[in-house]
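Residue-level structure breakdown
Given next are the chains, with one letter for each unit.
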Amino acid sequence: MTATATRVLVLNSGSSSVKYQLIDMNDGTRLAVGLVERIGEQASRLAHTPLAAGGDKRETEGAIADHDAALKAVAAELAADGLGLDSPQLAAIGHRVVHGGLKFTEPTVIDDAVLKEIERLVPVAPLHNPANITGIRTAQAMRPDLPQVAVFDTAFHATMPEYAARYAIDVETADAHRIRRYGFHGTSHAYVSRKTAALLGKDPSEVNVIVLHLGNGASASAVAGGRCVDTSMGLTPLEGLVMGTRSGDIDPAVTFHLKRVAGMSTDEIDVLLNKKSGLIGLCGDNDMREIRRRIDEGDERARLAFDIYIHRLKKYIGAYSAVLGRVDAVAFTAGVGENAAPVREAAVAGLEEMGMAVDASLNAVRSDEPRLISPEYARVAVAVVPTDEELEIAQQTYALVNA
Ligand code: ADP
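Summarised in this report is the structure supplied together with it. Remember, predicted model here, so these are calculated numbers, not experimental data.

Definitions and cut-offs
Residues numbered from 1 in each chain as written. Predicted model: local features only at pLDDT ≥ 70, side-chain atom pairs only at ≥ 80, totals over all residues. Heavy atoms only, no water. Near = heavy atom within 4 Å. Polar contact = N/O pair within 3.5 Å; in protein donor to acceptor, adjacent residues only side chain to side chain. Helix = DSSP H or I, 4+ residues; strand = E, 2+ residues; numbered from the N terminus. Pairing = 2+ DSSP bridges. Contact = heavy atoms within 4.5 Å. Axes fitted to C-alpha atoms, helices over the stretch in contact; angles between N-to-C directions. Expected span 1.5 Å × (residues − 1). Buried < 20%, exposed > 50% of the residue type's maximum accessible area, 1.4 Å probe, protein only.

Observations regarding the site of the ligand
Around the ligand sit 13 residues in total, of which Asn216, Met288, Arg289, Gly335 and Asn339 are the nearest. In this structure, Met288 approaches the ligand through a main-chain N or O atom, which is 2.8 Å from an oxygen atom. Note that a nitrogen atom of the ligand is positioned 3.4 Å from one of the side-chain N or O atoms of Arg289. Secondary-structure elements contributing two or more residues to the shell around the ligand are helix H10 (288-296) and helix H12 (334-339). It is H12 that provides the largest number of residues to the shell around the ligand, a total of four residues.

Focus on the sheet that holds strand S6 (residues 90-97)
Taken in spatial order, the eight strands line up as S5-S4-S3-S2-S1-S6-S8-S7 in an open sheet, and their pairing is mixed. Unpaired on one side and paired on the other, strand S5 (58-61) and strand S7 (108-109) mark the two borders of the sheet. Pairing of strand S2 (residues 18-24) with strand S3 (residues 29-37) involves seven bridges; the strand directions are antiparallel. Residue pairing for S3: Asp24 is matched across the bridge by Thr29. This element, helix H3 (residues 129-142), spans strand S1 (7-13), S6 and strand S8 (148-152) of the sheet and lies at about 165 degrees to S6.

Concerning the environment of Arg58
With respect to the element layout, Arg58 can be found in strand S5. In this structure the C-alpha to C-alpha distance between Arg58 and Gly226, which are 168 residues apart in sequence, comes to 40 Å. Among all residues touching Arg58, those that are not within four sequence positions of it are Leu46, Ala47, His48, Pro50, Glu77, Ala80 and Asp81.

Structural notes on helix H15 (residues 389-401)
Over its 13 residues, H15 extends 18 Å from the first C-alpha to the last, a length consistent with the 18 Å expected when each residue adds 1.5 Å. For H15, the full list of buried residues reads Glu389, Leu391, Glu392, Ile393, Ala394, Thr397, Tyr398 and Val401.

Written out as structure tokens, the structure reads:
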């Protein structure tokens, strides 16, 4: 790395997609952002926006066979703007890796041993880690000389005490199969809890925050003095809140029942709970905008889906208030948390005795900035704090390669 190398490319490789951002670490400016979707299909799509060049979004459609081809196409787009991967200004590539198991609790420079260890975690993250690994290998092949850093979704939750991380099942069985609560969305929970402290004018070590990351996937975390002490996702991202397409918490006996009585296979149950449940299972829509529109038209199913979503959310706010003892702030983030004022209002409604309230006019404000939505009299600050997982990955990556 040269002294002038101040850019980080962040790659988020999914099973059929790659999201990327090229960020200048001098001031966090996005130089380019983009997305390759439907990799492996005939109608793959690449959308690239060269923000540095002030250019418009460029979209190309056509078959992109695999991640290797996808990354080459991305590299070509970047090169067309003078931001190619061969640039001496590129300091590192930061990869989002979903599962870091117990081993990876910090961002890590990737070498062969690290990659092997990430591969060893595939059985506990079969849907995510393989795509992350493919993205890493492809990027390594393109720039073997450049530091590549893995930033793990699970890492922030590694500070959870054993009594929060361990399921109450037979210890030998659990340990033999590495079954425990790992938690996910950690990059977001870390970023948002820190930003919330800053919004309150405090150091993260001084505040207790409940972070509600409500996107299509959703999770809550209890952060005490900057350290995660509990989170709602578990061995996999299926546990916890009601999500766009995932059930969240459920009696595990439902799965035995579906197998024994409904004759469903393990894979079918997996698909049911991960892809056909949550909001979409309850009412046929997983987009909160559409659900609100239907509620406004008097749609009962949409109303019930919303109520179930809110009820679960409220239960976690209550549970994490008890876990933390003293709550300084509740922070809403991600697509739903940042945009859906009715969700924020409903989740906090009736919690005045716990010191929580939402001011209707503050809650109605739309902004990309972190902001308070609680009235001045409220003991607990309720905040909207937009997440920025890419910037967090870039910052952790850059800090590590400059350490
Ligand atoms: P993920 O990263 O998990 O795919 P996001 O954090 O981008 O998801 O959140 C996507 C969700 O945010 C959408 O499914 C939708 O429910 C919700 N959302 C986005 N914009 C709005 C809005 N203006 N009002 C209400 N909900 C919104």
